[in-house]
Amino acid sequence: MQVTNIRFRNYAAAAGILLAVASGHAMAQSNNQAWVTDELSTYVRSGPTDGYRIIGTLNAGEQVEVLETSGDYTRVRNSDGNAVWVLSNELQRTPSAIEQLPALESQVEELTAELDGINEAWEQRVSSMTETLEVRERRVAELEASNQALDSQAEEARQQIRALQARLETQEEDLLMRYFMYGGGVAGAGLLVGLIVPHLPRRRKKRDRWF
């Protein structure tokens, strides 16, 4: 859609250029030049009124040289060099379409070729930008997948750490309990020895006799 809009603007600009060229071409013509209107071929007379006889015709779009004007008629010289009278409203001051058409067609072809080149360059640029965008999107997707994998690994590591911490706490409790039991056993054995030893029979010492 964007490329189509660009083409439309380009062709509109081309049309404006062609109109400007045609207007400039018309202004460049000398004031004594005129063209028979494009709509019809017109009769010409030998004098500046309807009462003069018709002596021929001028072709639509034919270029003539304006000599003088009298009333509703203008005296002109045609391409054959003949001076004749024609109704003034059947003349125009801008080049006929027949004369403008070849030059305009050539300009249209040049502008069309130029616009095609611009459109092709723009389409290539858009294609390149699209490819770059697709590459970036793939890269972003890869990074997101990698990030999700790292998050999963980090969560597993946290779970393992919690399990190890719980196991360590259990082992510490078991070790403390063993210390208590060992200390209690030692204390009990000492108490038991303390109770038994006083009641053991003592060994009597032998008396030395003198003879």
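Here is what the cut-offs are and how they apply
Residues numbered from 1 in each chain as written. Predicted model: local features only at pLDDT ≥ 70, side-chain atom pairs only at ≥ 80, totals over all residues. Heavy atoms only, no water. Helix = DSSP H or I, 4+ residues; strand = E, 2+ residues; numbered from the N terminus. Buried < 20%, exposed > 50% of the residue type's maximum accessible area, 1.4 Å probe, protein only. Contact = heavy atoms within 4.5 Å. pLDDT = per-residue confidence, 0-100. Polar contact = N/O pair within 3.5 Å; in protein donor to acceptor, adjacent residues only side chain to side chain. Pairing = 2+ DSSP bridges. Core = buried A, V, L, I, M, F, W, Y, C linked by side-chain atoms within 4.5 Å. Patch = residues over 30% accessible without salt bridge, like charges linked within 9 Å, V, L, I, M, F, W, Y side chains within 5 Å. Areas by Shrake-Rupley, 256 points an atom, 1.4 Å probe, with all protein chains shown as cover. Salt bridge = Lys/Arg side-chain N within 4 Å of Asp/Glu carboxyl O. Lys, Arg positive; Asp, Glu negative; His and termini not counted. Charge placed at Lys NZ, Arg CZ, Asp CG, Glu CD.

S.K.: Even after reading the chapter, I still don't get the overall build of the protein, so can you show me in this structure?
M.R.: Counting secondary structure elements, the protein contains 2 helices and 7 strands. Listing the helices and strands of the protein from first to last along the sequence gives α-β-β-β-β-β-β-β-α. Expressed as a percentage of its 211 residues, the buried residues of the protein come to 18%. For the protein, restricting intrachain contacts to residue pairs at least 6 apart in sequence, the fraction spanning at least 24 positions comes to 53%.

S.K.: Would you take a moment to explain the confidence of the model for the protein for this structure?
M.R.: Averaged over all residues, the pLDDT of the protein is 76; the fraction at 70 or higher stands at 73%. The secondary structure element of the protein with the lowest average pLDDT is helix α1 (residues 2-28), at 46, and the one with the highest is strand β5 (residues 73-77), at 94. Ignoring residues within four places in sequence, the model shows residues 1-8, a span with pLDDT below 50, making 7 contacts including any to other chains. Every residue in residues 10-15 is under pLDDT 50, and counting partners more than four places away or in other chains gives 8 contacts.

S.K.: What am I meant to see in the side chain of T74 here?
M.R.: Along the polypeptide, T74 turns up in strand β5. Owing to a relative accessible area of 5%, T74 belongs among the buried residues under this scheme. Polar side-chain contacts of T74 include one of 3.5 Å to the side chain of T69.

S.K.: What should I look at first to understand the pairing of β5 in this one?
M.R.: Within a regular beta strand, the side chains point alternately toward one face of the sheet and then the other, so they alternate between its two faces. The pairing of strand β4 (residues 63-70) with β5 spans 5 bridges and is antiparallel. Paired with E68 across the strands is R75, a residue of β5. The turn joining β4 and β5, which pair antiparallel and follow one another in sequence, is formed by 2 residues; a positive phi near 60° is taken by G71. Two elements, β5 and strand β6 (residues 83-87), share 5 bridges in a ladder whose sense is antiparallel. Residue pairing across strands places V76 opposite V84, the latter belonging to β6.

S.K.: Sorry if this is basic, but what is going on with the nonpolar core here?
M.R.: Generally speaking, soluble globular proteins have nonpolar side chains that are buried together. Grouped together as the largest cluster of nonpolar side chains are 9 residues: A34, V44, L58, V64, V66, V76, V84, V86 and L91. When residues of this core are traced back to their parent elements, those giving at least two are β4 and β6.

S.K.: Sorry if this is basic, but what is going on with a negative patch on the surface here?
M.R.: Taken together, E105, E109, E110 and E114 make up a surface patch of like negative charges. With respect to the helices, strands and loops of the structure, E110 is situated in helix α2 (residues 97-196). For E110, a relative accessible area of 54% corresponds to the exposed category.

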